[in-house]
Amino acid sequence: MSETITDYTAPADLLKDKIILVTGAGDGIGRVAAKTYAAHGATVILLGRTVPKLEAVYDEIEAAGGAKPAILPVDLANVKWEELEYLAQGVDQEFGRLDGLLHNAGVLGQRTPIANYHYATWQQVMQINVNAAFGLTKAMLPLLEHSKAGSVIFTGSGVGLKGRAYWGAYSVSKFATEGLMQVLADEVDGVSNIRANSINPGATRTNMREAAYPAEDPQTVTTPEEIMPTYLYLMGDDSIGVNGKQFNAQG
Ligand code: NDP
């Protein structure tokens, strides 16, 4: 069962003093989520693979008067467990805890029948969209346990709820993402302050959407800013007690 909370209005200080890590923070939905979280009081840790994009988001947050962010340059396509452990140590030394983790980074891969799908591309999509999210979650769990109410948000997709021809590894990776969310949510249920949920953004105006639907007029597509109510709700304390749920950001 999907949930919707599109009419949520976040208090201006919803995320005051929270430490929140956003993956894929340099572009698209992640960029807007990082800026939105900062605008609501959070100190944001910007994780991504393209440093100039992360620096631009850093500058925008500072210019808007937000708390000084941190930048974590990581290519999730190649990241090793030791590097994730090292990253977690760095976050621990700097902040001592993590209050929120938004798994947003993702790649589309090929749009082609299974019969034609490149083996290497399949593995890369699964690595970035699923394996890296597992590794980062595992590395950050001890820090999330140090939070009064740690929120882990995974990013799903409509094709991760019902399979669709030619969407290949992307579709399968989003099913796996829902599975990872559900397993984690069940494990923490009743024994931890951590909660885990997923968001299907729905069609959103980003580079990924344009790559998937090149003939579509981007002006007709919902902007990342418009889907932020769900991202705020699940990250802030108003969603304490909500665990293991799948949300549609556009109803
Ligand atoms: P974009 O392609 O605009 O942004 C994806 C982000 O992920 C970028 O910041 C990108 O970094 C980062 N990223 C990709 N690969 C890596 C990597 N190897 N290591 C680190 N970071 C990486 O996509 P969206 O904003 O549209 O998508 C965000 C999430 O929402 C994804 O999980 C996507 O699957 C999901 N989604 C999007 C929908 C839409 O309509 N837009 C619909 C349904 C789901 P860089 O810019 O440096 O490449």
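Look up: the structure comes first, before these words.
Quick summary incoming for the structure in this document. Quick caveat, the model's predicted, so the values are computed rather than measured. Sequence order as written defines the numbering, with residues in each chain counted from 1. Predicted model: local features are reported for residues with pLDDT of at least 70 only, side-chain atom pairs are reported and counted for 80 or more only, and whole-chain, interface and lining totals are derived from all residues. The side-chain numbers reported here are obtained from all heavy atoms of the structure, hydrogens and water having been left aside.

## Remarks on the overall build of the protein chain
In step 1: Counting from the N terminus, the helices are the DSSP runs of H or I reaching at least four residues and the strands are the DSSP runs of E reaching at least two. Looking only at helices and strands, the protein chain features seven helices and eight strands.
In step 2: Taken over the C-alpha trace, the protein chain has a radius of gyration of 17 Å; the compact-globule value for 251 residues is 18 Å, and the two agree within 12%.
In step 3: Any two residues whose heavy atoms approach within 4.5 Å are treated as being in contact. Restricting the contact set of the protein chain to residue pairs at least 6 apart, pairs at least 24 apart contribute 74%.
In step 4: What sets the accessible areas is the Shrake-Rupley method with a 1.4 Å probe; for residues, cover comes only from the shown protein chains. Carbon and sulfur atoms make up 51% of the accessible area of the protein chain, which totals about 11600 Å². Within these notes, the globule rule equals 2.2 Å times the number of residues to the 0.38 power, and the radius of gyration is based on C-alpha atoms.

## Comments concerning the packing of helix 1 (residues 28–39) against helix 2 (residues 51–63)
Think of two packed helices as two axes; the pair is described by the angle between the axes and how far apart they sit.
In step 1: Contact geometry for helix 1 and helix 2: axes closest at 10 Å, N-to-C directions at 25°. It follows from the interaxial angle that helix 1 and helix 2 lie roughly parallel. For helix 1 against helix 2, the interelement crossing comes out right-handed. Where helix 1 approaches helix 2, its residues Arg31, Ala34, Lys35 and Ala38 are matched on the opposing element by Val57, Glu60 and Ile61.
In step 2: Taken together, the residues of the contact of helix 1 with helix 2 break down into four nonpolar, no polar and three charged. Fitted lines through C-alpha atoms serve as axes, helices being fitted only where they are in contact, and the angles separating the N-to-C directions of these axes extend from 0 to 180 degrees. In what follows, roughly perpendicular refers to angles from 65 to 115 degrees, roughly parallel to angles under 35, roughly antiparallel to angles over 145, and oblique to any angle outside these ranges. Two helices crossing with the near one rotated counterclockwise from the far one by less than a right angle form a left-handed crossing, whereas a clockwise rotation gives a right-handed crossing. The classification used treats Ala, Val, Leu, Ile, Met, Phe, Trp, Tyr, Cys and Pro as nonpolar, Asp, Glu, Lys and Arg as charged, and all other residues, Gly among them, as polar.

## Observations regarding the site of the ligand
In step 1: Every one of the 29 residues lining the ligand counts as a neighbour, but Thr50, Lys53, Asn104, Tyr170 and Thr206 are closest to it.
In step 2: A distance of 2.8 Å separates an oxygen atom of the ligand from a polar backbone atom of Ile29.
In step 3: Under this definition, polar contacts are N or O atom pairs within 3.5 Å; protein pairs additionally need one hydrogen-donor-capable and one acceptor-capable atom, and for neighbouring residues in sequence, both atoms have to be side-chain atoms. Within the contact set of the ligand, an oxygen atom lies 2.9 Å away from a side-chain nitrogen or oxygen of Lys174.
In step 4: Coverage of the ligand by the protein amounts to 93% of the 910 Å² it exposes when considered alone.
In step 5: Of all the secondary-structure elements, those providing two or more residues to the shell around the ligand are helix 1, helix 5 (168–188) and helix 6 (207–212).
In step 6: In terms of residue count, the dominant contributor to the shell around the ligand is helix 6 (three residues). One heavy atom suffices: a residue is near a molecule or strand as soon as one of its heavy atoms comes within 4 Å of it.

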